[in-house]
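# Results of the structural survey
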Amino acid sequence: GNLNLESWDELSTKDGDAWRDLCVVERWIPTNKTLMRLVVTGPEDPKIVTNGTGYDIAFDSQPPKSVTTCRRNTKGMLD
């Protein structure tokens, strides 16, 4: 079948704020004493999924710092 796409500006939080300034993910590599830091500027890995009556877009993303406390693992690294 045909798929009609509508214009879309950007992903937003439930409060209507832009989905940006996302939490950072850190990973420590002890063998060479390196801190790897993953910094992204927006939602990643978009996927189109069916919802029964149409289509939605799902993202894999870290949450914005404005809506959550960024998680830390047991070593205190941002997770």
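Up top is the structure.
Because the structure is predicted, anything quoted here is derived from the model rather than measured.

### A few points about the pattern of salt bridges
One pass over the structure, following the stated rule, counts three salt bridges. The salt bridge partner of D21 is K65, with a shortest N-O separation of 3.5 Å. Linking D21 in the segment before β1 (25–29) with K65 in the segment after β4 (55–60), this pair joins segments that are 44 residues apart in sequence. The class for K65 is partly exposed, based on a relative accessible area of 39%. Between E26 and R37 there is a salt bridge, with the nearest N and O atoms lying 2.8 Å from each other. Within this pair, whereas E26 is found in strand β1, its partner R37 is found in strand β2 (residues 34–38), the two being separated by eleven residues in sequence. Of the residues examined, E26 reaches a relative accessible area of 13% and is grouped as buried.

### Examining the pairing of β4
Sheet analysis places strand β3 (residues 44–50) next to β4, joined by five bridges and oriented antiparallel. If you follow K47 over to β4, its bridge partner there is A58. Hairpin remark: β3 followed by β4, antiparallel, with four residues in the connecting loop; positive phi at G52, about 100 degrees.

### So, the side chain of T13
With respect to the helices and strands, T13 occurs in the segment before β1. What T13 contacts, discounting residues up to four positions off in sequence, is A18, W19, P64 and V67.

### Some remarks on a nonpolar patch on the surface
Together, L3, L5, I48, Y55 and I57 give the surface a local cluster of nonpolar side chains, amounting to about 570 Å² of exposed area. Along the polypeptide, L5 turns up in the segment before β1. Look at L5 and you get exposed, because its relative accessible area is 74%.

Reading guide: rules and limits
- Residues numbered from 1 in each chain as written.
- Predicted model: local features only at pLDDT ≥ 70, side-chain atom pairs only at ≥ 80, totals over all residues.
- Heavy atoms only, no water.
- Salt bridge = Lys/Arg side-chain N within 4 Å of Asp/Glu carboxyl O.
- Helix = DSSP H or I, 4+ residues; strand = E, 2+ residues; numbered from the N terminus.
- Buried < 20%, exposed > 50% of the residue type's maximum accessible area, 1.4 Å probe, protein only.
- Pairing = 2+ DSSP bridges.
- Contact = heavy atoms within 4.5 Å.
- Patch = residues over 30% accessible without salt bridge, like charges linked within 9 Å, V, L, I, M, F, W, Y side chains within 5 Å.
- Areas by Shrake-Rupley, 256 points an atom, 1.4 Å probe, with all protein chains shown as cover.

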